[in-house]
Amino acid sequence: MQDHKTIYFKDYLPSPYSVVSCALEFIIEESSTRVENIMEIKRCDPNAKELRLDGEMLDLELIWVNDILYCEEMYTKTEEALILPLDCNSARIRIINRIYPDQNTALEGLYRSGGIWCTQNEPEGFRRITYFIDRPDVMAKFTTKIIANKETCPVLLSNGNLRGTATLENGKHMSLWEDPIPKPCYLFALVAGDLGSITDTFITMSGKKVDLAIYCDRGNENKCHHAMRSLKKSMEWDEYTYGCEYDLEVYNIVAVDSFNMGAMENKGLNIFNSHYVLADEETATDTDFMGIESVIAHEYFHNWTGNRITCRNWFELTLKEGLTVFRDQSFSADMNSELTQRLDDVRALRERQFVEDAGPTSHPIKPDHYMEINNFYTATVYEKGAEVIRMMHTLLGRERFRTAMDRYFENFDGQAVGTEEFLWAMETQSPVDLTQFKRWYSQERTPTLRISVQYRPDSAELVMKIIQNVPKNAQNKEQLPYAMPFKMALLAPDGSEYPLISDDITLLHENVLWIENQIHEICFKEISQPPRLSLNRGFSAPVIIECDTIDYPFLMANERDGFVRFEAAHRFGIETLESMMAGNAVNEHYIESYGAMLCDPTVDPMFKSQILELPTITTLMQRQEIIDVAAIVKVQEELKRVIARRYFTELQTMINALFDPSNVLIDGESMGKRALKNRLLGLVMSLDEESIRYLCIRQYRESLSMSDRLSALDLLENYAPNDVGEALNDFYSRYKDQTLVMNKYFGVCASSRREGTLGRVWALQNDPAYDPKVPNLVRALIGSFARNPVAFYEVSGEGFRFVADKVIEIDALNPQIASGLAGAFKNYGKLSVLQKAQMAMELERIKNHPDLSNNVFEIITKILEAE
Ligand code: BES
Ligand code: ZN
């Protein structure tokens, strides 16, 4: 049994020693790699007597301190560290060790993806490469010499600028890289292999030339162009928006197939999951193209928010991730539609982060303890972290926010800092004191604002009462109210806005309130008629609104704030479905408002496709006390059929008008039309209609765009069991050799609502295209199944058993991927007695498994403790 240690923020101490420089030499051989590491060490704490270097799974060969070869008696070596007595102010340490990238299935440190050698060191992977002080506040200048076989490894890359290459004897060659900018070791990267590439250049705002390259498996070069365009747009945007210029001579991106995450911002050498680089119209969906643009931007933006200014320790992760997500979201909004982007971001936040925040693994965006830091790259640290930054942006306004960012860059460039430093910079520009606002960093859970109003016709006043409720945290402790900007409007019958006039409220800008108290009462004056409420415009605060006096049909028809308009449809949909679940007939008013939106030719197609989406199973599950997936699916499908029947003619006409199978353009208009058409097709497919099924088959066969083809396949899978076989076979034989497309195939099968999904997933594990060592494939097959509520919560409990088996099996290979999968059990506390007993058995079985990783142990114990 391992000891599962908890690490606390309060125990943080600066490192007693620093590493000034680190010269690395890698000799890459077929079955192992030899690493030589020469470090200049400085003592920072004059009382320090012992240097502790992190190191795991390393074969230590030789070690010298100040050119003295040490024998085993002169140091202590444990499973996790090398401890050297060191009572001097500076020292030169030279270490030679050996590592085995081929046996590395955890994909941390140096490993092999396909034939390519590559690295992943955030957060604590570098200790699997060589001995080092592996923490983000230790920043060193790195140089890297790589020696490998010239034929099998023509490409040798590391961080920084290329300083030399040479051909060596025995068919070897070498390259030497120098990174002039000190960095923590989690940003170190190395790539070696036989790769294809595309290249380009970028001239920075001060006129410096940067060589750009994107590397990938040979044969995929023509799928890299969208990524390259995205990179250049990101570089330009960061100069224009924040004055941030790139600082090296080269910027390299490498796409690999085996990667635990989406991508990694290593200095000058980003390593990407190939899913976020490779795309063409035939094999990538519109969502894939958008994803590439935003992930390329995200990693690029880290160069300033993450690399030049990094985190003092891993508790501060949101400093770089929340901020960089906010930056990539702003970029995507500027490149595409601001409203579409906002709706997608809010949707993702509520479907993932709100669920996490309400469940057993909830934590503040800045956690104060962890067992395994890899478990904290969460929707909370990322997406809620980005919302917290966005609230400051709303509070300060664009210009003052930019000034505050300038302060942040000026004051902390080259340092490892925390959120306190960031907040200091914001505070210099803030119109209000941020003390209470900072609770967003230390508290968890989503607050609810209960809003009620009273209109006084005699005085033409509206009194609005806001009661904030913050749930107890995961340790069952009371929490305090949050401060937030709250954007709202009061609408006259024609949709115009009353000016907000009030004595007793902080009005930040014309329609943004600053809310701090647990109970807030505000009196708005000069409101000549009872107004309609437009609340939390643009989703200015990440909260849940409860209000009984919102006029959904009015807002759906007249509101100018796109978010509130969307929200009205969304909430109206939720209420309609919940009422149906309670046994009531379909709300006729909803069907009418839906139809009005559907038939309104002035609404932008992408927005229309977003607003016409019915509330998802996840959304409705979240609101249930005891989860009942079958009940949700039943009313969802019924509502779809009612709408489809009522507007059948209109739907058919619109679908036909939008049907454009040869359009493969990736512009906003084409993407919007595809999204809308596929949304509408989904509605009519719920009816058992021959003509519609035929249309769907035609779309599958004739579409040249993967978005259309995949949507058709998914609809056939769920609604046309007799026709889907042929389409699935066709899809398989076309794409069986393209792993990124096979992810989609596995995804469609494992997400199916049809009976027998578990059996099919089971069988697909033996498909030649499947490999449990490749995270993308595990996520596509096993992950999709675990996220498929219909199959996972199926009454026999076999879904639970299957996923538990996979968690155990994959944990032995890759703990990070296994703990992601273990999150599937997060609704444990909300199950019926029977289902809870079934899941309890599986959770205990996982927990008692010998040699369980910290990663899985932490997640499973939190879930079990919560209820
Ligand atoms: N720094 C992370 C990558 C990372 C995360 C490495 C966890 C090691 C452990 C990177 O910047 C990142 O955040 N990537 C995201 C994508 C991004 C667009 C949110 C990812 O990989 O999911
Ligand atoms: Zn990031």
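What this report covers is the structure whose coordinates are included nearby. (Residues numbered from 1 in each chain as written. Chains lettered and ligands numbered in written order. Predicted model: local features only at pLDDT ≥ 70, side-chain atom pairs only at ≥ 80, totals over all residues. Heavy atoms only, no water.)

### Regarding the overall build of the protein chain
The line we're drawing: The numbering of helices and of strands both runs from the N terminus, where a helix is a DSSP run of H or I of at least 4 residues and a strand a run of E of at least 2. In this setup the radius of gyration rests on C-alpha atoms only. A globule is expected at 2.2 Å times the number of residues raised to 0.38. Only protein chains enter the accessibility calculation, which uses a 1.4 Å probe; a residue is then buried when its area is under 20% of its type maximum, exposed when over 50%, and partly exposed in between. Residue contacts are counted whenever heavy atoms from the two residues lie within 4.5 Å of one another. Working definition of accessibility: Shrake-Rupley area with a 1.4 Å probe, residue cover restricted to the visible protein chains. Charge convention: Lys and Arg are scored as positive, Asp and Glu as negative, and His as well as the terminal groups of each chain are ignored. A charge is said to be at NZ when it belongs to Lys, at CZ for Arg, at CG for Asp and at CD for Glu.
On a plain count of helices and strands, the protein chain comes out with 27 helices and 34 strands. Relative to the globule expectation of 29 Å for 867 residues, the C-alpha radius of gyration of the protein chain, 28 Å, shows essentially globular dimensions. Its C-alpha atoms give the protein chain principal-axis dimensions of roughly 90 × 65 × 60 Å. Classification of the 867 residues of the protein chain by burial places 61% in the buried group. Sequence-distant contacts, at least 24 apart, represent 70% of the contacts inside the protein chain between residues at least 6 apart. Surface exposure of the protein chain reaches about 34,400 Å², of which carbon and sulfur atoms provide 48%. Computed over 91 positive and 129 negative side-chain charges, the separation of the two mean positions in the protein chain equals 0 Å.

### What about the sheet that holds strand β10 (residues 109-113)?
Test applied: Criterion used throughout: strands pair if DSSP finds at least two bridges between them. Lines fitted to the C-alpha atoms define the axes, with helices restricted to the stretch that makes contact. Angles between their N-to-C directions range from 0 to 180 degrees.
The four strands lie next to each other as β10-β11-β16-β13, forming an open sheet whose pairing is antiparallel. Edge positions in the open sheet fall to β10 and β13 (155-158), since each of these has one partner strand only. In this sheet, adjacent strand axes meet at a mean angle of 15 degrees when their direction is disregarded. The pairing of β10 with strand β11 (residues 116-120) spans five bridges and is antiparallel. Bridge pairing links Gly109 to Gln120 in β11.

### Some words on the coordination of the zinc ion (ligand 2)
Filter applied, for reference: Water is not part of the atom set, so a site may look incomplete; the donors themselves are N, O and S atoms within 2.8 Å of the metal, or 3.2 Å for Na, K and Ca. Only four donors with every angle between 85 and 135 degrees are called tetrahedral; only four or six donors with opposite donors over 155 degrees apart and all others between 65 and 115 are called square planar or octahedral, in that order; all others are irregular.
The protein atoms that coordinate the zinc ion (ligand 2) are His298 (NE2), His302 (NE2), Glu321 (OE) and Glu321 (OE), at distances spanning 1.9 to 2.7 Å. For the zinc ion (ligand 2), the six donor atoms are set out with angles of 54 to 162 degrees between them, so the coordination reads as irregular. Mapping the donors of the zinc ion (ligand 2) onto the primary sequence gives the spacing H-x3-H-x18-E. His302 carries the same exposure label as His298, and that label is buried.

### Some points on the site of ligand 1
Heads up, the rule is: For this description, a residue counts as near a given molecule or strand if any of its non-hydrogen atoms is within 4 Å of it. What qualifies as a polar contact is a pair of N or O atoms within 3.5 Å, subject to a donor-acceptor requirement within protein and to the restriction that residues adjacent in sequence count only when both atoms come from side chains. Classes in brief: Ala, Val, Leu, Ile, Met, Phe, Trp, Tyr, Cys and Pro nonpolar; Asp, Glu, Lys and Arg charged; the others, Gly included, polar.
With respect to spatial proximity, 15 residues lie near ligand 1, and among them Glu122, Gly262, Glu265, Glu299 and Tyr382 are the closest. The contact in question runs from an oxygen atom of ligand 1 to an N or O atom on the side chain of His302, over 3.0 Å. Contact distances for ligand 1 include 3.4 Å between a nitrogen atom and a side-chain N or O atom of Lys320. Relative to its unbound accessible area of 510 Å², ligand 1 is 88% covered by the protein chains. Looking at the shell around ligand 1, the elements with two or more residues in it are β20 (263-264), α2 (286-301) and α3 (317-335). Taken together, the residues that form the shell around ligand 1 break down as six nonpolar, four polar and five charged.

### Quick look at the side chain of His520
Mapped onto the elements of the fold, His520 is located in strand β32 (residues 519-524). Not counting chain neighbours up to four residues away, the residues in contact with His520 comprise Met464, Lys465, Ile466, Ile505, Trp514 and Ile515.

### With respect to the pairing of strand β14 (residues 161-167)
With six bridges joining them, β14 and strand β15 (residues 172-184) adopt antiparallel strand pairing. Within the sheet, the bridge partner assigned to Asn161 lies in β15 and is Glu178. Hairpin remark: β14 followed by β15, antiparallel, with four residues in the connecting loop; positive phi at Asn170, about 60 degrees.

### A closer look at unusual backbone geometry
Following Glu122, the chain continues to Pro123 via a peptide bond in cis, the omega torsion being -10 degrees. Residue position: Pro123 is located in the loop between β11 and β12 (139-149). Phi at Asn476 takes a positive value of approximately 65 degrees, unusual for a residue other than glycine. In this structure, Asn476 sits in the loop between β26 (461-469) and β27 (484-487).

### Things to note about the sheet that holds strand β7 (residues 76-77)
Sheet strands line up and pair through hydrogen bonds in the backbone, either parallel or antiparallel. As summarised here, the arrangement of the three strands in space is β4-β8-β7, forming an open sheet in which the pairing is antiparallel. If you trace the sheet from one side to the other, it starts and ends with β4 (50-54) and β7, each paired once.

### A few points about the side chain of Ser540
Relative to the assigned elements, Ser540 resides in the loop between β33 (532-534) and β34 (544-546). From its side chain, Ser540 meets the backbone nitrogen of Lys487 in a polar contact 3.0 Å long. Setting aside residues no more than four positions away along its own chain, Ser540 makes contact with Met391, Pro485, Phe486 and Lys487.

### Looking at the nonpolar core
Counted only if it meets this: Among buried residues, those of type Ala, Val, Leu, Ile, Met, Phe, Trp, Tyr and Cys that are joined through side-chain atoms within 4.5 Å constitute a nonpolar core.
Ranked by internal contacts, the top residues of the largest apolar core, which has 169 residues, are Phe132, Tyr408, Phe422, Phe486, Leu513 and Phe524. Per-element accounting of this core gives the leading share, nine residues, to helix α5 (residues 379-396). In contact with Tyr408, not counting residues within four places along its chain, are Ile309, Leu319, Leu323, Asp413, Val417, Glu421, Phe422 and Ala425. Listed in part, the 123 residues of the second largest apolar core include Val684, Leu716, Tyr735 and Ile782.

### Quick word on the pairing of strand β25 (residues 448-456)
Relative to β26, β25 runs antiparallel, the two sharing nine bridges. The partner of Ile451 across the bridge, within β26, is Ile466. Taking the residues between adjacent antiparallel strands as the criterion, β25 and β26 are bridged by four residues, where Ala460 takes a positive phi near 55 degrees.

### Things to note about the pattern of salt bridges
Let me state the cut-off plainly: Take a side-chain nitrogen of Lys or Arg and a carboxyl oxygen of Asp or Glu: if they are within 4 Å of each other, that pair is a salt bridge.
For the structure shown, the criterion picks out 69 salt bridges. Salt-bridge contacts for Lys209 lead to Asp211; the nearest nitrogen and oxygen are separated by 3.5 Å. Asp211 sits in the partly exposed class, given a relative accessible area of 34%. The salt bridge partner of Arg402 is Asp406, with a shortest N-O separation of 2.9 Å. With Arg402 and Asp406 both in helix α6 (residues 398-412) and four residues apart, the pair spans about one turn of that helix.

### Some words on the packing of aromatic side chains
Put simply, the test is: Two aromatic rings from Phe, Tyr or Trp, using only the six-membered ring of Trp, form a pair when their centres are within 6.5 Å; if the ring planes differ by under 30 degrees the pair is stacked, by over 60 it is edge-to-face, and anything between is tilted. A ring has a charge above it when a Lys NZ or an Arg CZ is no more than 6 Å from the ring centre and no more than 35 degrees off the ring normal.
One pass over the full model with this rule turns up 43 aromatic pairs. Geometrically, the ring pair formed by Phe326 and Phe401 is edge-to-face, given 5.6 Å between the ring centres and 65 degrees between the ring planes. Within this pair, whereas Phe326 is found in helix α3, its partner Phe401 is found in helix α6, the two being separated by 75 residues in sequence. Of the residues examined, Phe326 reaches a relative accessible area of 3% and is grouped as buried. Look at Tyr408 and Phe412: their rings are 5.9 Å apart centre to centre, the planes differ by 55 degrees, and that puts the pair in the tilted class. One end of the pair is Tyr408 and the other is Phe412, both in helix α6 and four residues apart, which spans about a single turn. Neither Tyr408 nor Phe412 differs from the other in exposure class; each is buried. An aromatic cluster of at least three residues, connected via ring pairs, comprises Trp237, Tyr242, Tyr246, Tyr251, Tyr300, Phe301 and Phe331. Across from the ring centre of Trp64, 4.0 Å away, lies the NZ or CZ of Arg94, which sits over that ring. One residue, Lys836, lies across the ring of Tyr828, its end atom 5.2 Å from the ring centre.

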